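Reading the structure
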Amino acid sequence: MGTIVFFYFASVIVATAALVVALRSPVYSALALLVMFFHVAGLFVTLHAEFLAVIQILVYAGAILVLYLFVVMLLNLKGEVRFHHQLTVGLFLGCMVFAEAVLLVVKGESSLGANLPDPGEPTHFTQGNTESIGELLYSTYLFPFEIASLILLVAMVGAVILTKKGILEAKS
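Here is what the cut-offs are and how they apply
Residues numbered from 1 in each chain as written. Predicted model: local features only at pLDDT ≥ 70, side-chain atom pairs only at ≥ 80, totals over all residues. Heavy atoms only, no water. Helix = DSSP H or I, 4+ residues; strand = E, 2+ residues; numbered from the N terminus. Contact = heavy atoms within 4.5 Å. Expected span 1.5 Å × (residues − 1). Buried < 20%, exposed > 50% of the residue type's maximum accessible area, 1.4 Å probe, protein only. 1 Å grid on protein atoms, 1.4 Å probe; cavity = no way out; pocket = protein on both sides within 12 Å on 5 of 7 lines; lining within 4 Å. Points joined across faces, edges and corners; volume = space filled by probe spheres on them. Nonpolar A, V, L, I, M, F, W, Y, C, P; charged D, E, K, R; others polar. Axes fitted to C-alpha atoms, helices over the stretch in contact; angles between N-to-C directions. Parallel < 35°, antiparallel > 145°, perpendicular 65-115°, else oblique. Left-handed = near helix turned anticlockwise from the far one by under 90°. Patch = residues over 30% accessible without salt bridge, like charges linked within 9 Å, V, L, I, M, F, W, Y side chains within 5 Å. Areas by Shrake-Rupley, 256 points an atom, 1.4 Å probe, with all protein chains shown as cover. Salt bridge = Lys/Arg side-chain N within 4 Å of Asp/Glu carboxyl O.

What about the side chain of Gln56?
Relative to the assigned elements, Gln56 resides in helix H3 (residues 50–75). The residues contacting Gln56, other than those within four sequence positions of it, are Phe37, Val40, Ala41, Phe44 and Ala61.

Okay, here's the thing in structure tokens:
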């Protein structure tokens, strides 16, 4: 059952990722991206990483996608730019990746994971998923976390200044 659920999520993720690139309208592309984000969150749930699934939905489907749509609407793209000269290279690389995937499936489970150690008996976690992430985030990775929050703050202030500057120029 778990394999069927995984292949469902994986196939929808691959299909919507292709739609993000292939669709002509940036808004429809963003909707395909939204569907992809929700299915990635579903994969996190199947891995028992509920916290990451919620963060996936809040941060990516909420904030990043809204920012993307804001930029698309701010740029007000009229024409469409297509790169047909890259089609042959893309098809070649896509065929190579597909051939590698088929080769991995054909080789079977005898070679995949053969060098992994035997897990023995299952380990029991005393801490939950959220507690482990919080402990690592605020102890080991505190400095990178603070730097990332500072960069996001500067980006937010810059976006507000750019927006206000555009509004002030339009009024005068």
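On we go from here.
Structural notes on helix H2 (residues 26–46)
The end-to-end C-alpha distance of H2, which contains 21 residues, comes to 30 Å, matching closely the 30 Å that a straight helix rising 1.5 Å per residue would cover. What H2 keeps buried is the set Ser29, Ala30, Ala32, Leu33, Met36, Phe37, His39, Val40, Ala41, Gly42 and Leu43. Considering only its buried residues, H2 is in contact with helix H1 (2–22) and H3. Backbone geometry just after H2 places His48 at a positive phi near 60 degrees.

Describing the layout of surface pockets
Here the second largest pocket defines a volume of roughly 820 Å³. For the second largest pocket, the lining is made up of 24 residues, of which Val59, Ala63, Ile64, Ala148 and Leu152 are closest to its centre. Breaking the lining of the second largest pocket down by element, the ones donating at least two residues are H3, helix H5 (129–138) and helix H6 (142–171). Broken down by element, the lining of the second largest pocket gets its largest block of residues, 12 residues, from H6. The residue inventory of the lining of the second largest pocket, partitioned by class, reads 21 nonpolar, 3 polar and no charged.

Looking at the packing of H1 against H2
When two helices pack together, their arrangement is given by the angle between their axes and by how far apart the axes lie. Close contact between H1 and H2 brings their axes to 8 Å; oriented N to C, the two are set at 155 degrees. When the interaxial angle is binned, H1 and H2 end up roughly antiparallel. Regarding H1 and H2, the two cross each other, and that crossing is left-handed. The segment H1 lies against H2, with Val5, Phe6, Tyr8, Phe9, Val12, Ile13, Thr16, Ala17, Leu19 and Val20 engaging Ser29, Ala32, Leu33, Val35, Met36, His39, Val40, Gly42, Leu43 and Thr46. Taken together, the residues of the contact of H1 with H2 sort by class into 15 nonpolar, 5 polar and no charged.

Points about the environment of Tyr68
Among the secondary structure elements, Tyr68 is positioned in helix H3. For Tyr68, a relative accessible area of 34% puts it in the partly exposed group. Along the sequence, Tyr68 and Val27 sit 41 residues apart, while their C-alpha atoms lie 9.5 Å from each other. Contacts of Tyr68, omitting those with residues within four sequence positions, involve Pro26, Ser29 and Ala30.

Some details on the packing of H3 against H5
Viewed as axis vectors pointing N to C, H3 and H5 meet at an angle of 70 degrees, and their least axial separation amounts to 8 Å. Relative to H5, H3 is oriented roughly perpendicular. Seen from H3, the contacting residues are Glu50, Phe51 and Leu52; seen from H5, they are Asn129, Thr130 and Ile133.

Some points on a nonpolar patch on the surface
Taken together, the side chains of Leu19, Leu23, Val27, Tyr28, Leu31 and Met73 make up a nonpolar region of the molecular surface, amounting to roughly 550 Å² of accessible area. The dominant element in the nonpolar patch, judged by the number of residues it contributes, is H2, at 3 residues. Here Leu31 lies in helix H2. A residue is classified by how much of its surface remains accessible, and Leu31, at 45% relative accessible area, is partly exposed.

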